[in-house]
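# Structural overview
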Amino acid sequence: MQGQDKNGSGVAGLPDYMQGLIEVLREPLVVLDADLQVISANPAFYRKFRLTEAAVEGRRIYDLANGEFDSADLRNALETVLPDKAEFENLKIETTFPEAGRRVLELNGRRIDQKDGNLILLSFEDITESMASRRELEESEARYAQLVESINSIIIGLDAAGIVTYFNRFSEKVFGYSRNEVIGKPYIGTLVPEIDVTGTNYAKMLEDIVAHPDHYFIHESVGLSKSGEEVWFSWSACVVRDHEGNVSEILIDGNDFTVERRERINARQAYRIVSNAPDPIARLDSSRTYVFVNPVFTEIAGRSENEIVGRKLGEVRLPVELTARIGAVFDDVAETRTEKTFEAEFEGRLFLVTIVPEFDDRSQMVFFDVFARDISRRKEVELALRHEQERLRRSEEHFRSVLENSLDAAYRRDLRTDTYDYMSPVIERITGFTADEFTSLSMESILERMHPDDIERVSEKLDGILRNGEHSGVLDYRFRAKNGEYVWLGDTFTIVCDEEGRPVYRVGIVRDVTGAKQMEQQLRMSRDTAEQRAREAEEKQRIIEAIFDNVPEGFAIFNAETDQVEVVSRYLAEFAGCGRVDFRGLPIREYARLLKV
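In this report, the structure presented in the accompanying data block is examined. (Residues numbered from 1 in each chain as written. Predicted model: local features only at pLDDT ≥ 70, side-chain atom pairs only at ≥ 80, totals over all residues. Heavy atoms only, no water.)

This part covers the overall build of the chain. In terms of helices and strands, the chain carries 20 helices and 22 strands. Nonlocal contacts in the chain, meaning residues at least 24 apart in sequence, comprise 37% of its contacts between residues at least 6 apart. (Helix = DSSP H or I, 4+ residues; strand = E, 2+ residues; numbered from the N terminus. Contact = heavy atoms within 4.5 Å.)

Here we take up unusual backbone geometry. Here Asn-66, not a glycine, exhibits a phi torsion of approximately 60 degrees, which is positive. The topology assignment puts Asn-66 in the loop between helix 2 (43-49) and helix 3 (72-84). Positive phi, close to 55 degrees, is recorded for Asn-90, a residue that is not glycine. With respect to the secondary-structure elements, Asn-90 resides in strand 3 (residues 87-97).

It is worth spelling out the sheet that holds strand 7 (residues 164-167) at this point. Judged by pairing direction, the sheet is antiparallel, and its five strands sit side by side in the order 7-6-10-9-8 without closing on themselves. Only two strands of the sheet have a single partner each, and these edge strands are strand 7 and strand 8 (219-224). Taken pair by pair, the neighbouring strands of this sheet meet at an average axis angle of 35 degrees, ignoring direction. Each of strand 6 (154-158), strand 8, strand 9 (230-241) and strand 10 (247-256) touches helix 8 (residues 202-211); the most contacted strand, strand 9, lies at about 35 degrees to it. (Pairing = 2+ DSSP bridges. Axes fitted to C-alpha atoms, helices over the stretch in contact; angles between N-to-C directions.)

Turning our eyes to something else, we now look at helix 3. Taking 1.5 Å of rise per residue, 13 residues should cover 18 Å, and helix 3 covers 18 Å from first to last C-alpha, within 8% of that figure. Most pronounced at Leu-78, the bend in helix 3 amounts to some 30 degrees. Of the positions making up helix 3, those classed as buried are Leu-74, Ala-77, Leu-78 and Leu-82. Contact partners of the buried residues in helix 3: strand 1 (29-32), strand 3, strand 4 (101-112) and strand 5 (119-126). (Expected span 1.5 Å × (residues − 1). Bend = angle between axes of the 7 residues up to and from the residue. Buried < 20%, exposed > 50% of the residue type's maximum accessible area, 1.4 Å probe, protein only.)

Quick look at the sheet that holds strand 4 now. Across the sheet, five strands lie side by side as 2-1-5-4-3; this open sheet has antiparallel pairing. For this open sheet the edge positions go to strand 2 (38-41) and strand 3, each flanked by a neighbour on one side alone. For this sheet, the mean angle separating the axes of adjacent strands, direction not counted, is 25 degrees. Bridge analysis of strand 4 against strand 5 gives eight bridges, and the strand direction is antiparallel. Following the sheet pairing, Arg-110 is matched in strand 5 by Leu-121. Running at roughly 160 degrees to strand 3, helix 3 makes contact with strand 1, strand 3, strand 4 and strand 5 of the sheet.

Let's shift gears to the pattern of salt bridges. Counting across every chain of the model gives 27 salt bridges. The salt bridge partner of Asp-369 is Arg-283, with a shortest N-O separation of 2.7 Å. Pair noted here: Asp-369 is in strand 15 (residues 365-374) and Arg-283 is in strand 11 (residues 281-285), with a separation of 86 residues, a long-range link. For Arg-283, a relative accessible area of 22% corresponds to the partly exposed category. Connected through shared salt-bridge partners, Asp-454, Arg-457, Asp-476 and Arg-478 make up one network. (Salt bridge = Lys/Arg side-chain N within 4 Å of Asp/Glu carboxyl O.)

Position of His-451 relative to the elements: it lies in the loop between helix 16 (443-449) and helix 17 (452-467). Setting aside residues up to four positions removed in sequence, His-451 forms contacts with Arg-478 and Tyr-486.

Moving on to the packing of aromatic side chains. Counted according to the given criterion, the structure contains 14 aromatic pairs. An angle of 65 degrees between the planes, with centres 5.0 Å apart, marks the rings of Phe-330 and Phe-368 as edge-to-face. One end of the pair, Phe-330, is in helix 12 (residues 320-336); the other, Phe-368, is in strand 15, and 38 residues separate them in sequence. This pair shows no difference in class: Phe-330 is buried, exactly as Phe-368 is. (Phe/Tyr/Trp six-rings, centres within 6.5 Å; stacked < 30°, edge-to-face > 60°.)

These figures capture arrangement, not role.
Here it is, written out as C-alpha cells:
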C-alpha cells in the first residue's frame, strides 16, 4: 500500500494493524485526505478498476478513470454528509470504466478523525452481477405475475389461517371485489360461505385441503360475489410448505362456470316449461323429422311420443288437406327463411300455428319449431269483445251526452302538472269560458279570478285535505266569470291516488251555487231575526217572573185559549202551600179546587 509517512509507517495516523488489514481485504478501498485526494488504495481497488498507482495516488477521487467517479451523489456524500456525520452507507452509482466496462457500485464512506487532519476511508462493492441477477429475477417474477394477472383463471392465495394473500385480476372480475377489499380478509365468509347450498362446510374443507391436497384436483364450489349473487367455480388446490414442513401458502386455481351452470339450469327450466306448456309444441330437423314433441302435442295428435319422434312430417297421420297445408307452409318458411303463422282446424278445434326456423352459426337451417294454440275459445271471446266494444261505444256516447247537458261541469285535474286535462262543456254556461279556454287557464290565472276573501280559506282547506290523506272534499268560493261578475262555485271532488298512495288526480264536479248562497244568506238573516225575537220574549218573561217573585200579592196568569195556568206569583204559591211548578198547566177548575175558591 502506498502513501506512507516519512517514517515508513504507512498512512499517517493509521495503526500498523489497520494498514495490514486494508492491504489484505478483497474489497476495493481508498483513503482520501481532507481535499478528497487519494492518499492510498489497496490492491483490490487497482485490480477491480484496472488502474495503476501512478494514475490514482495524489489525484482527487473525481478525476480518477477519466472522471467516472465524478457522481453528483458521491459529491453530495463526501462534501455534505461526511462533514456533518461520521459515515454514509450503500450509496449506489452506475458508471462505465475504460477497462472494466459498465459497472454498478455500492459505496460506503467513513470519516477518520486525526489531529493533523481528517481522513476518509471509502470502500467499493461491485454489485453489477447481483443487480443483473436481481433484475432477471424481477423480470421473471414480473412475467410470471403478468401471466397470472392476464389469464382467465381464478388465482387466489391463502395463508395457513385461511386469510387471503393474493387475488388476481380475473378473480376481481368474477367476484366483483377489488383486491384491496379482499386481501387480509378471511376466505371463508368473504368469498365462500361457511356452509353453501350443497351443505359443504368450508372450514372443514380447508383443513382437509391441508391434509389431503391431492383430493382436490378438481372440485366445484359456490362463492359469494360482492353483489350477493352466487358464483360457481371449479378449482384445484396446491399447498406450499416451508423447509420445516409447515404450510406457508394455499393456492387455489379455478375457472368460473357460473354462466355455463346458469345456461344448464335455464335449459332444464326451458325443457320443463315446454314440456308442461298448455299449448302443443314440436321441433323438427331440417329434413322435417320430428325430434321433440311435448305431452299436449301427443294428446291432441292422439299418438304417443314414440309414435311421433323419429318420423317425418307426412308419416304422422293427419287429415290429407291439413297435411298438405302444413307442408306448403313449411316450404314457404324454408324458402323465405322467416317464420309464418296460419290458422288450422283439427278435430273440430281451431288452432293458430306458428312455424319458426332456427339457424346454426353458418346460417344453415337446422330446425323448425312449431307452436300451436287453441284459439277456438278466443274466437268466441273476440266476437263477444266486439259486441262489448259496441256496447261501450254506445255507453260512452250516452255518458258524453249526459256530461255535456248536465247542470254540473265535470272535470279532472292532474295534480302532478297542476293542470286540467278534461273539463266538460257545461263550464261555459257557468263561467262564460269554453272548456278549452278554462283548461288553458294557469293556476295563477284561476287564483286571480277567485275572490280575494276566499283564496286563503280555499287554499288551506285543499292543502289540509291532501296533507291528511283524505280522499274527498267540498270547496265553495266566488269566481269572477268571463263577464266580470262573481258567481259562487261549489266544487265536490275525489282524490285519485296511484299504487303507492300518492295523489295523482282530482276528479269532481263544479256547479253554480250562487242562488243557493243567496237563499242561505236570507235564511241566515231570518234565523237571526227569529233568534232576536226569542231573546226579547225571554227577557220579558224574566221581567214578569221577577215582578211576580217580589209582589206580596197573589197573582195568577191564565191562557185565554186553553184556560190553563201559565204562571203564578211566589206569594200565591206559598199561600197555597205548593210549588210554582205545581200550578203550571192546571185548568181553571183544578186551580179553584186547589185554592178552595
